[in-house]
Amino acid sequence: MIILFNVSRKKLIYVRQFRAAVYHGIISGNSLEIPKGNIDLIKYPPELAVTLEPCAGIVDKNKSLAEIARDELLEECGYDVPAKSLEFVYGFKSGVGASASNQTFFYCEVCDAQRVSSGGGVEDEVIQVVELSIEDARKMVKTDSPYVKPNRMYYVQNGVEKNWDLLKVHDSVAIVLFNTTQQKLVLVRQFRPAVYHGVITSELGSFDKADLQAFPPSIGVTLELCAGIVDKSKSWVEIAREEVLEECGYDVPVERIEQVMVYRSGVGASGAKQAMYYCEVTDADKVNSGGGVEDEIIEVVELSLEEANRMLQQGAVNNSPPSCLMGLMWFFANRAPKSV
């Protein structure tokens, strides 16, 4: 399977063709019985089973996968490119419920000068070559995530055309909490799937062979500041107040929440805005045990100033985000008791 991009036209190249299996699936619905007799072509026009796909083909030749992919590009789409220009993306299993066949993804950039025919397949194949703009292709990839949306930004820097893959995520707030009654910093501990995934892929190169014995979920548990995304029609400080109540159980008025700084997080991936706040609480402000809302599992952690300070020492290894460590450094520089 080959993702094909024409750099001359700035368009993705796909193919459209009738797929009998798709047609059968539409007609038979949830039944395992094969439809018998004549099919009503008015009710079920063949166009129902015409698919839009990347250029692809089966491995049925004594050639390398890249050479087979090159042949498919020429036969289906009409582009003549050297096999070395096809970039391996990844391999995976397709049809895991039925066949579990190996499939390999390639990426290839072509230009108009490499177009030597109209494509369309070989022998009795009926294949239509389709060019899609980036905008049209994006419309096909609908993410149902309300939290993360992938994008690719194209730009010119010093006369050079460049692109960058990035993520659009919600802006957020983080709160440095200090309990003056206990003289302790209040943080939260929770499982972060992204951290767990990152630890394993850094070690193994992929997530496919994750072993819960070798990689227990505890390695994805982080120690963080109380924090939350900005996804409500409220002021940021009001959202910060709600997070303090929901995650840590302290009910404080917004007047006691002081803005510390505003900065950009994940500058290589999202560039999201985050505002850091500081709030001093007392035992009298504690109205519940915290722990988050709905299905969140958040543990409230009280750290002595000595314990928190150790997190900032040279050589320390933390499963904490930079915002937490920066918040602790700000606290010790600006608000910690002078005896510390």
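All of these numbers come straight from a predicted model, not from anything done at the bench. In this numbering scheme, every chain counts its residues from 1 along its sequence in written order. Per-residue local features of the predicted model are confined to residues with pLDDT of at least 70, and side-chain atom pairs are confined, for both listing and counting, to 80 or more; whole-chain, interface and lining totals are unaffected and use all residues. As a rule here, side-chain values cover all heavy atoms of the structure and leave hydrogens and water aside.

A. Region of the structure containing helix H1 (residues 20-28). Partly exposed describes any residue whose relative accessible area lies between the buried limit of under 20% and the exposed limit of over 50%, with all areas from a 1.4 Å probe on protein chains only and scaled to the type maximum. Segments assigned H or I by DSSP are reported as helices when at least four residues long, segments assigned E as strands when at least two residues long, and all are numbered from the N terminus. Taken together, the buried positions of H1 are Tyr-23, Ile-27 and Ser-28. For H1, the arc enclosing every buried residue in end-on projection is 120°, short of the 170-degree limit, so these residues lie on one face. Whether two residues touch is decided by their heavy atoms; if any such pair falls within 4.5 Å, the residues are in contact. Where H1 is buried, its residues meet strand E2 (11-18). When we speak of the arc, we mean the arc of directions from the helix axis to the C-beta atoms.

B. Summary view of helix H2 (residues 65-77). Expected helix span is taken as 1.5 Å per residue step, with the number of steps being one fewer than the number of residues. Over its 13 residues, H2 runs 17 Å from end to end, which matches the ideal 18 Å to within 8%, given 1.5 Å per residue. Burial in H2 covers these residues: Ile-68, Ala-69, Asp-71, Glu-72, Leu-73, Glu-76 and Cys-77. Elements in contact with the buried residues of H2: strand E1 (2-6), E2, strand E5 (101-110) and strand E6 (128-133). Downstream of H2 by a residue or two, Gly-78 has a phi angle that is positive, lying close to 85°.

C. Inspection of the packing of aromatic side chains at higher detail. Stacked, tilted and edge-to-face are the three classes applied to pairs of Phe, Tyr and Trp rings, where Trp contributes its six-membered ring and a pair requires centres within 6.5 Å; stacked means planes under 30 degrees apart, edge-to-face means over 60, and tilted covers the rest. Evaluation of the coordinates by the stated rule reveals 9 aromatic pairs. Ring centres of Tyr-196 and Phe-207 lie 6.1 Å apart, and the angle between their planes is 80°; on these two criteria the pair is classed as edge-to-face. Of this pair, Tyr-196 sits in helix H4 (residues 193-204) while Phe-207 sits in the loop between H4 and strand E11 (221-224); the two residues are 11 residues apart in sequence, bridging distant segments of the chain.

D. The arrangement of the state of the cysteines in detail. Disulfide assignment relies on a single distance test, namely cysteine sulfur atoms paired within 2.5 Å. Considering all chains together, one arrives at 0 disulfides under this definition. Cys-55 supplies the cysteine sulfur nearest to Cys-108, a cysteine that is in no disulfide, at a spacing of 9.7 Å. Here Cys-324 stays unpaired: no disulfide links it, and the sulfur of Cys-226, its closest cysteine neighbor, is 11 Å away. With relative accessibility at 0%, the residue Cys-324 sits in the buried group.

E. The pairing of strand E3 (residues 50-53), seen in detail. With burial as the criterion, only one face of E3 is covered, namely that bearing Thr-51 and Glu-53; the residues Val-50 and Leu-52 on the opposite face remain uncovered. When DSSP finds at least two bridges between two strands, those strands are taken to pair. In the sheet, E2 pairs with E3 via 4 bridges, with the strands oriented antiparallel. Counted as the bridge partner of Gln-17 is Thr-51 from E3.

F. Structural detail: the environment of Arg-335. Residue placement: Arg-335 occurs in the segment after helix H7 (322-334). Classification of Arg-335 as partly exposed rests on a relative accessible area of 31%. Separated by 174 residues in the primary sequence, Arg-335 and Glu-161 place their C-alpha atoms 47 Å from one another. Ignoring any residue separated from it by four or fewer positions in sequence, one finds Arg-335 in contact with Glu-258, Tyr-278 and Trp-330. Counted as a polar contact is a pair of N or O atoms within 3.5 Å, where, for protein atoms, one must be capable of donating a hydrogen and the other of accepting one, and residues adjacent in sequence contribute only when both atoms are in side chains. Engagement of the side chain of Arg-335 in a polar contact is seen with the side chain of Glu-258, the distance being 2.6 Å.

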